[in-house]
Amino acid sequence: KITAEVNPFVPPLNALRGGTTDLAYFVLTAPAREAVSIASLTIKTNESGRHLRNLKVLTGGLSFGSLRNSLQGNDTISFFGSQPFSIPAGASYGINVAADILPSAPTGTISGLITLVSCSGQGTRALVSFACAPINLAGQNVTIGNNPAALSFFTKLPIAVHYPQGGEQLQIGMSHKIKWDY
């Protein structure tokens, strides 16, 4: 199984009405003995999702699947990457969900705006199917406001380290080429 969790290093999120913002951060961890290539992710919005436009899933800063322009609220949306992303055996990989907040969105804190419903992939060695567990994992709380001075942004900065392609192991005392996302 692929272990899924809410990124523990990301605090509750703040968003401005009329702006583009990240709405949820999740971490996927591959099984210890098998690298996994993730082919699909399914998310759900709650009723407040009707105030979102241009919803997208990002992996390593790149879009995964197609942008969803308009939402009705309580939408279940599957994203299929034209190029699946790989997670080395035993390693973790961050994904985030972002969207535009409509200027007419109500202000306040929303729980469960974005939920990771499922993910699936294939082992890169044994070619067996893997799925996320747990499923129906609610993301961070999101506070929507219309005054940037009233919202605290970037109270903690999430940083993801992407291992080199092929899943080489990082070794202490050795130089490694890595990519930092923030």
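Look up: the structure comes first, before these words.
Residues numbered from 1 in each chain as written. Predicted model: local features only at pLDDT ≥ 70, side-chain atom pairs only at ≥ 80, totals over all residues. Heavy atoms only, no water.

### Notes on the overall build of the chain
Applicable threshold: Going along the chain from the N terminus, every DSSP run of H or I of four or more residues is numbered as a helix, and every run of E of two or more is numbered as a strand. The buried label goes to any residue with under 20% of its type's maximum accessible area, the exposed label to any with over 50%, and the partly exposed label to all in between, with areas taken from a 1.4 Å probe on protein chains only. The contact definition used throughout considers only heavy atoms, calling two residues in contact when any of these lie within 4.5 Å. Calculation of accessible area relied on Shrake-Rupley with a 1.4 Å probe; when residues are assessed, cover is drawn exclusively from the protein chains displayed.
Assigned secondary structure in the chain consists of 0 helices and 15 strands. Burial analysis of the chain (182 residues in total) assigns 42% to the buried set. The contacts in the chain between residues at least 6 apart in sequence include a share of 74% that link residues at least 24 apart. When the accessible area of the chain is evaluated, it comes to approximately 9700 Å², of which 53% is carbon and sulfur surface.

### Quick notes on the pairing of strand S11 (residues 129-133)
Note the following rule: Strand pairing is defined by DSSP finding a minimum of two bridges between the two strands.
Of the two faces of S11, the one lined by Phe 130 and Cys 132 is fully buried and the one lined by Ser 129, Ala 131 and Ala 133 carries no buried residue. In this structure, strand S1 (residues 2-6) lies alongside S11, joined through 2 bridges in parallel fashion. In the sheet register, Thr 3 faces S11, and the bridge partner there is Ala 133. Bridge count between strand S10 (residues 114-123) and S11: 3 bridges; the pairing is antiparallel. The partner of Ser 120 across the bridge, within S11, is Ala 131.

### Here we look at unusual backbone geometry
Positioned with a positive phi, Asn 74 is a non-glycine residue whose angle comes to about 60 degrees. Residue position: Asn 74 is located in the loop between strand S6 (62-70) and strand S7 (76-87). Positive phi is not limited to glycine here, since Leu 127 has a value of about 55 degrees. Along the polypeptide, Leu 127 turns up in the loop between S10 and S11. Taking relative accessible area as the criterion, Leu 127 reaches 56% and is therefore assigned exposed.

### Examining the packing of aromatic side chains
The condition is simple: Here is the rule: rings of Phe, Tyr and Trp (six-membered ring for Trp) pair when centre to centre is within 6.5 Å. Planes less than 30 degrees apart are stacked, more than 60 are edge-to-face, and the remainder are tilted.
Following the criterion strictly, the structure yields 2 aromatic pairs and no others. Between Phe 64 and Phe 85 the ring centres are 5.3 Å apart and the planes differ by 80 degrees, which places this aromatic pair in the edge-to-face class. Of this pair, Phe 64 sits in strand S6 while Phe 85 sits in strand S7, and the two are 21 residues apart along the sequence. Judged on exposure class, the residue Phe 64 and its partner Phe 85 are both buried. Ring centres of Phe 85 and Tyr 93 lie 5.0 Å apart, and the angle between their planes is 25 degrees; on these two criteria the pair is classed as stacked. Both residues of the pair, Phe 85 and Tyr 93, count as buried. Through successive ring pairs, a cluster of aromatic residues spans Phe 64, Phe 85 and Tyr 93.

### Quick notes on the state of the cysteines
Any covalent bond linking the sulfur atoms of two cysteines counts as a disulfide. Convention followed: When two cysteine sulfur atoms are found within 2.5 Å, that pair is recorded as a disulfide.
Per the counting criterion, the structure on display carries 1 disulfide. In this model, Cys 119 is linked to Cys 132 through a disulfide, with the two sulfur atoms separated by 1.6 Å. Measuring the twist about the S-S bond at about 90 degrees, one finds the Cys 119-Cys 132 disulfide to be right-handed. You can see Cys 119 sitting in strand S10 and its partner Cys 132 sitting in strand S11, a full 13 residues away along the chain. Residue Cys 132 is classed as buried on the basis of its relative accessible area, which comes to 7%.

What is shown is where atoms sit, not what they do.
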